[in-house]
Amino acid sequence: MNAPHVNVRDLEPQLLAHQADEDFVLTDGQADLWLMRSPGAHTAHLLDRSELDDSERARADAFLRPADGLLYATVHVALRRLLARYLRTTPRDVRFTRETCPGCGAGHGRPALDLAPLPLHFSVSHSSAVALVGVAGVPIGVDVERLPRPSTIDVCARFLHPDEQAELAAAQSPSERAEDFGRIWTRKEAFLKGIGTGLSRSAAEDYLGADAARHPAGWSVLDIPCGATHAAALAVHRAELLSADVRWLAEEWLRSATAPDPQAAAAALAC
């Protein structure tokens with residue numbers, strides 16, 4: 001089996017509106033990854049929350065830390081705008097539902113599109129001002145996490161697969177241990193999101209360590225580059241993933257459609 005190609009297509013963040021339509025057509029064996037950072041305090045007011053539904057706005061407002069609520073709103077505006085481009089519709093017309101949980105049969109499984117006109121699956125994750133959206137034609141899970149402190153690793157590592165614990169124990173330095181844990185944990189969460197159980201399934205049940213040949217059968221699991229402070233991973237329900245395109249989105253693309261464009265305003269003043 002050939003290793004999938006992870007293609008970081010845009011090293012510089014760019015506006016969603018400037019992406020061509022062909023960037024929103026999924027081919028067989030392809031996954032699209034969209035990374036973004038939460039807006040800074042000086043531009044947070046430009047985030048277009050009008051595209052969110054009532055439940056999303058209520059959830060964003062319920063966070064105790066305003067920064068967490070802003071990040072939640074950011075990723076859900078991103079999700080709606082991205083899916084709208086794939087579906088050729090408007091962000092407000094994107095409708096969500098929940099699949100059946102494979103563990104208990106209740107309706108709190110993977111988030112999904114309601115009555116989508118084409119096979120389109122998605123997953124979202126956010127952590128410490130960085131957010132990730134994954135889109136594919138088959139079930140997908142993504143996860144992004146800030147690299148943890150040693151105390152966090154000490155607490156969480158004992159819940160991992162025994163062979164994953166052994167790999168962490170072999171790390172040569174605290175920084176290497178943090179990076180190894182970040183890779184293992186994000187792979188694991190991405191996979192558990194992909195199958196629809198989340199962490200209700202034991203973290204020790206599936207091996208997602210360094211030996212890719214031992215990863216769950218029928219799934220492609222790979223690491224996603226996202227900077228020095230975070231780890232990220234993708235899991236796709238396909239035995240052989242051909243490519244994964246990674247793009248960073250510019251902060252300005254979250255701007256309300258009615259907000260003034262700073263460059264256009266400057267040009268007008270210069271006339």
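Quick caveat: nothing in here was measured; it's all calculated off a predicted structure.

1. Side note on the sheet that holds strand β7 (residues 140–146)
Two pairing modes exist for strands in a sheet, parallel and antiparallel, and in both the strands are linked by backbone hydrogen bonds.
Here is step 1 of the chain: Taken together, three strands build an open sheet; the order of strands is β7-β9-β8 and the sheet is antiparallel. Edge positions in the sheet fall to β7 and β8 (220–223), since each has one partner strand and no second. When strand polarity is set aside, the average angle formed by the axes of neighbouring strands in this sheet is 15°.
Here is step 2 of the chain: Judged from the seven bridges that link them, β7 and strand β9 (residues 230–236) form a sheet pairing that is antiparallel. For glycine 141, the partnering residue across the bridge sits in β9 and is alanine 235.

2. What to know about the layout of surface pockets
Here is step 1 of the chain: In this structure, the largest pocket occupies an estimated 740 Å³ of space.
Here is step 2 of the chain: Forming the boundary of the largest pocket are 30 residues, of which His76, Arg98, Pro111, Phe122 and Val124 lie nearest the centre.
Here is step 3 of the chain: Every element with two or more residues in the lining of the largest pocket is listed here: α1 (54–62), α2 (66–87), β3 (96–98), β5 (121–127), β7 and α5 (174–195).
Here is step 4 of the chain: Taken together, the residues of the lining of the largest pocket break down into 10 nonpolar, 12 polar and eight charged.

3. Structural notes on the environment of alanine 233
Here is step 1 of the chain: Residue position: alanine 233 is located in strand β9.
Here is step 2 of the chain: Residue alanine 233 is classed as buried on the basis of its relative accessible area of 0%.
Here is step 3 of the chain: Note: C-alpha distance between alanine 233 and leucine 222 (11 residues apart in sequence) is 5.7 Å.
Here is step 4 of the chain: Excluding residues that lie within four positions of it along the chain, alanine 233 makes contacts with Leu132, Gly141, Val142, Asp143, Thr186, Arg187, Ala190, Leu222, Asp223 and Ile224.

4. Some thoughts on the packing of aromatic side chains
Here is step 1 of the chain: One pass over the structure, following the stated rule, counts six aromatic pairs.
Here is step 2 of the chain: For the ring pair phenylalanine 24 and tryptophan 34, a centre distance of 5.3 Å and an interplane angle of 5° mean the geometry is stacked. Of this pair, phenylalanine 24 sits in the loop between β1 (5–14) and β2 (30–37) while tryptophan 34 sits in strand β2, placing them 10 residues apart in sequence.
Here is step 3 of the chain: Assessed through its relative accessible area of 0%, tryptophan 34 is described here as buried.
Here is step 4 of the chain: An aromatic cluster of three or more residues is present, and its members are Phe24, Trp34 and Tyr86.
Here is step 5 of the chain: The side chain of arginine 214 reaches across the aromatic face of tyrosine 207, ending 4.0 Å from its centre.

5. With respect to the pairing of β2
Here is step 1 of the chain: Along β2, seven of the eight residues are buried, which leaves the element largely enclosed by surrounding structure.
Here is step 2 of the chain: Sheet analysis places β2 next to strand β6 (residues 130–136), joined by seven bridges and oriented antiparallel. Within β6, the residue paired with aspartate 32 across the bridge is valine 135.

Thresholds applied
- Residues numbered from 1 in each chain as written.
- Predicted model: local features only at pLDDT ≥ 70, side-chain atom pairs only at ≥ 80, totals over all residues.
- Heavy atoms only, no water.
- Pairing = 2+ DSSP bridges.
- Helix = DSSP H or I, 4+ residues; strand = E, 2+ residues; numbered from the N terminus.
- Axes fitted to C-alpha atoms, helices over the stretch in contact; angles between N-to-C directions.
- 1 Å grid on protein atoms, 1.4 Å probe; cavity = no way out; pocket = protein on both sides within 12 Å on 5 of 7 lines; lining within 4 Å.
- Points joined across faces, edges and corners; volume = space filled by probe spheres on them.
- Nonpolar A, V, L, I, M, F, W, Y, C, P; charged D, E, K, R; others polar.
- Buried < 20%, exposed > 50% of the residue type's maximum accessible area, 1.4 Å probe, protein only.
- Contact = heavy atoms within 4.5 Å.
- Phe/Tyr/Trp six-rings, centres within 6.5 Å; stacked < 30°, edge-to-face > 60°.
- Lys NZ or Arg CZ within 6 Å of the ring centre and 35° of its normal.

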